[in-house]
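Spelled out from the first residue to the last, the chains are:
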Amino acid sequence: VIDVSEVMRDPEFTSAITLRREAGAYSTDPASTGEWTPSYAETQIVAIVQPASPEELLLLEEGERNKNTISVWSVSELRGGDGKRQQPDVLIVDGRYYRVIRVEPRPDGNYFRAVAQGYVP
Amino acid sequence: VIDQLNLAMRNLLVAVLGAPPATVRPADQTAPAGGQVDEFITVKIMDCQGLGGARDVVSDGRGGFVEEIQQVKRFTASVNFFKTATADPAKRARRSNAAFDRAARLEQLLHLSASIETMQAMGLGLLDASAARNLAALVDANWESRGQIDLTFDVINREALPITTVVSAPVSITVQEGAVDATRNFEVTTP
């Protein structure tokens, strides 16, 4: 098994992107009972960003395949939503917004690989 | 108005059911709902209709005159109960009608005298409750207990708007003093 994390840091391949991770809590204040108040932790990470491959697009539903989709490789942890407690990470690449829709942790290679889909904020 | 009604309904449910406030939520939030055994309730105001004519009241408030339109509104709140607190050894939600059960008991709980007192303090009147519905479903092959009930209330909605009034006006009075007319100019100002 080869540790490829060094490549993920190589400036010849990588770019700096913004990772926005949502946390938050449901209000217990009677003036806003049960309302979700999000908070965002924003960090700069280094990642390789490429357009999604045709094979990766095939994993999406048909109606989703023509959307702006990217592949991201990074040593920084990337998270997709779990539908229960975690909202998906948001990546900001050159001012464009992407929502992480799928993550493959690769602990053997010491990196994360993700697919993210663009949206208009 | 709708957001205020939704908030009032959530606070009512917290008081009536003794539910933790963070678990009684507005419906359709883009937020994580919790794990398989995290029970929660959502409220959605489905309709809101004015009944009869509106009453127009003009009052002299501290900051000036205020026109207030009062109208009875009838609205329907859809209350959804989600999930059960019981899990199997693999931490998957057990098959359960817990949420449906909570929906089915809600109308009776609203008829408790303590509940009526709470509703009166909020200005809410319970008009009707639908049949409780069992909406349990398999989600990703996992059991999700769900129950739903529509509650219809009336409430008096007040829309108030300050009325622009004359702040000051010049007054000119001419009086006859003997053979001479005398004119006096002054200005009156509202308090």
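Residues numbered from 1 in each chain as written. Chains lettered and ligands numbered in written order. Predicted model: local features only at pLDDT ≥ 70, side-chain atom pairs only at ≥ 80, totals over all residues. Heavy atoms only, no water.

Q: Which residues make up the overall build of chain A, and what are the values?
A: When helices and strands are tallied, chain A shows two helices and six strands. Summarising its shape, the C-alpha atoms of chain A cover approximately 55 × 35 × 30 Å along the three principal directions. Counting over 121 residues, chain A shows a buried share of 35%. Accessible area for chain A stands at about 7,200 Å²; split by element, carbon and sulfur atoms hold 51% of it. Treating the 13 positive side-chain charges of chain A as one cloud and the 19 negative ones as another, the clouds have centres 3 Å apart. (Helix = DSSP H or I, 4+ residues; strand = E, 2+ residues; numbered from the N terminus. Buried < 20%, exposed > 50% of the residue type's maximum accessible area, 1.4 Å probe, protein only. Areas by Shrake-Rupley, 256 points an atom, 1.4 Å probe, with all protein chains shown as cover. Lys, Arg positive; Asp, Glu negative; His and termini not counted. Charge placed at Lys NZ, Arg CZ, Asp CG, Glu CD.)

Q: Explain the overall build of chain B to me, and be specific about the residues and the numbers.
A: Of the regular secondary structure elements, chain B holds three helices and ten strands. Ordering the α and β elements of chain B from the N terminus gives α-β-β-β-α-α-β-β-β-β-β-β-β. Taking 191 residues into account, the globule formula puts the C-alpha radius of gyration at 16 Å, and chain B, at 28 Å, lies well above it. Based on the C-alpha atoms only, the size of chain B along its principal axes is roughly 110 × 30 × 25 Å. For chain B, with 191 residues in total, the buried portion stands at 35%. Pairs at least 24 residues apart make up 60% of the contacts formed inside chain B by residues separated by at least 6 positions. Total accessible area on chain B stands at roughly 11,300 Å², and carbon and sulfur atoms take up 52% of it. With 18 positive and 22 negative side-chain charges, chain B shows a spacing of 12 Å between the two charge centroids. (Rg over C-alpha atoms; globule rule 2.2 N^0.38 Å. Contact = heavy atoms within 4.5 Å.)

Q: With reference to specific residues and values, describe the pattern of salt bridges.
A: All names here are of chain A. In total, this model carries 15 salt bridges over all chains according to the counting rule given. Arg 20 serves as the salt-bridge partner of Glu 42, at 2.7 Å between the closest nitrogen and oxygen. Placement of the pair is Glu 42 in strand E2 (residues 36–51) and Arg 20 in strand E1 (residues 15–26), with a sequence separation of 22 residues. A salt bridge links Arg 102 to Glu 104; its shortest N-O distance comes to 3.0 Å. (Salt bridge = Lys/Arg side-chain N within 4 Å of Asp/Glu carboxyl O.)

Q: Go over the sheet that holds E1(A) with me, naming the residues and quoting the values.
A: Residue and element names in this part refer to chain A. Here six strands make up a closed barrel; going around it, the order is E1-E2-E3-E6-E5-E4 and the pairing antiparallel. Within the sheet, the average angular offset between the axes of one strand and its neighbour, ignoring direction, is 40°. As defined by bridge partners, strand E5 (residues 96–106) adjoins strand E6 (residues 111–119) across nine bridges and the pair is classed as antiparallel. In the sheet register, Val 103 faces E6, and the bridge partner there is Ala 114. (Pairing = 2+ DSSP bridges. Axes fitted to C-alpha atoms, helices over the stretch in contact; angles between N-to-C directions.)

Q: Give a detailed account of the side chain of A:Thr18, specifying residues and quantitative values.
A: Inspection of the secondary structure assignment puts A:Thr18 in strand E1. Looking at A:Thr18, its side chain comes within polar contact range of the side chain of A:Gln44, at 2.9 Å. (Polar contact = N/O pair within 3.5 Å; in protein donor to acceptor, adjacent residues only side chain to side chain.)

Q: Pulling in residues and values, what's your account of the environment of B:Glu68?
A: Residues and elements named next belong to chain B. Considering the arrangement of structural elements, one finds Glu 68 in strand E3 (residues 64–82). Separated by 24 residues in sequence, Glu 68 and Lys 44 place their C-alpha atoms 27 Å apart. When neighbours within four sequence positions are excluded, Glu 68 is seen to be in contact with Arg 55, Asp 56, Val 57, Arg 158, Glu 159 and Ala 160. A distance of 2.7 Å separates the side chain of Glu 68 from the side chain of Gln 70, its partner in a polar contact.

Q: Describe the confidence of the model for chain B, listing the residues and the values that go with them.
A: When pLDDT is averaged along chain B, the result is 90; 97% of the residues meet or exceed 70. Overall fold confidence for the complex sits at a pTM of 0.79, while the interface term, ipTM, reaches 0.76. (pLDDT = per-residue confidence, 0-100.)

Q: Before we move on, could you go through the pairing of strand E10 (residues 180–189) of chain B and cite the residues and values that matter?
A: Residues and elements named next belong to chain B. Little of E10 is tucked away, with one of its ten residues classed as buried. In terms of strand pairing, strand E9 (residues 168–177) meets E10 through ten bridges, oriented antiparallel. Among the inter-strand pairings, Ile 173 is bridged to a residue of E10, identified as Arg 184.

Q: So what's going on with the packing of aromatic side chains? Residues and values would help.
A: Taken as a whole and judged by the stated rule, the model has four aromatic pairs over all chains. On the basis of an interplanar angle of 10° and a centroid distance of 4.7 Å, the ring pair of B:Phe40 and B:Phe82 is categorised as stacked. Of this pair, B:Phe40 sits in strand E2 (residues 40–61) while B:Phe82 sits in strand E3; the two residues are 42 residues apart in sequence, bridging distant segments of the chain. Both residues of the pair, B:Phe40 and B:Phe82, belong to the buried class. The ring centre of A:Tyr119 lies 4.5 Å from the NZ or CZ of A:Arg99, which sits over that ring. One cation-aromatic arrangement involves B:Arg25 over A:Tyr26; the distance from NZ or CZ to the ring centre is 3.6 Å. (Phe/Tyr/Trp six-rings, centres within 6.5 Å; stacked < 30°, edge-to-face > 60°. Lys NZ or Arg CZ within 6 Å of the ring centre and 35° of its normal.)

Q: Provide a residue-level description of a nonpolar patch on the surface, including the pertinent values.
A: Residue and element names in this part refer to chain B. Together, Ile 173, Val 175, Phe 186 and Val 188 line one region of the surface with nonpolar side chains, adding up to about 290 Å² of accessible area. Residue assignment for the nonpolar patch shows that the elements contributing at least two residues are E9 and E10. By secondary structure assignment, the location of Phe 186 is in strand E10. (Patch = residues over 30% accessible without salt bridge, like charges linked within 9 Å, V, L, I, M, F, W, Y side chains within 5 Å.)

Q: Before we move on, could you go through the interface of chain A and chain B and cite the residues and values that matter?
A: Each partner contributes to the interface: chain A provides 15 residues, whereas chain B provides 19 residues. Here chain A packs against chain B, burying approximately 1,400 Å² in sum over the two surfaces, 52% of which is carbon and sulfur. The interface formed by chain A and chain B includes two salt bridges. For B:Asp38, the salt bridge identified is with A:Arg85, shortest N-O distance 2.9 Å. There are eleven residue pairs in polar contact (both at pLDDT 80 or more) connecting chain A and chain B. (Buried area = accessible area lost by both parts, 1.4 Å probe.)

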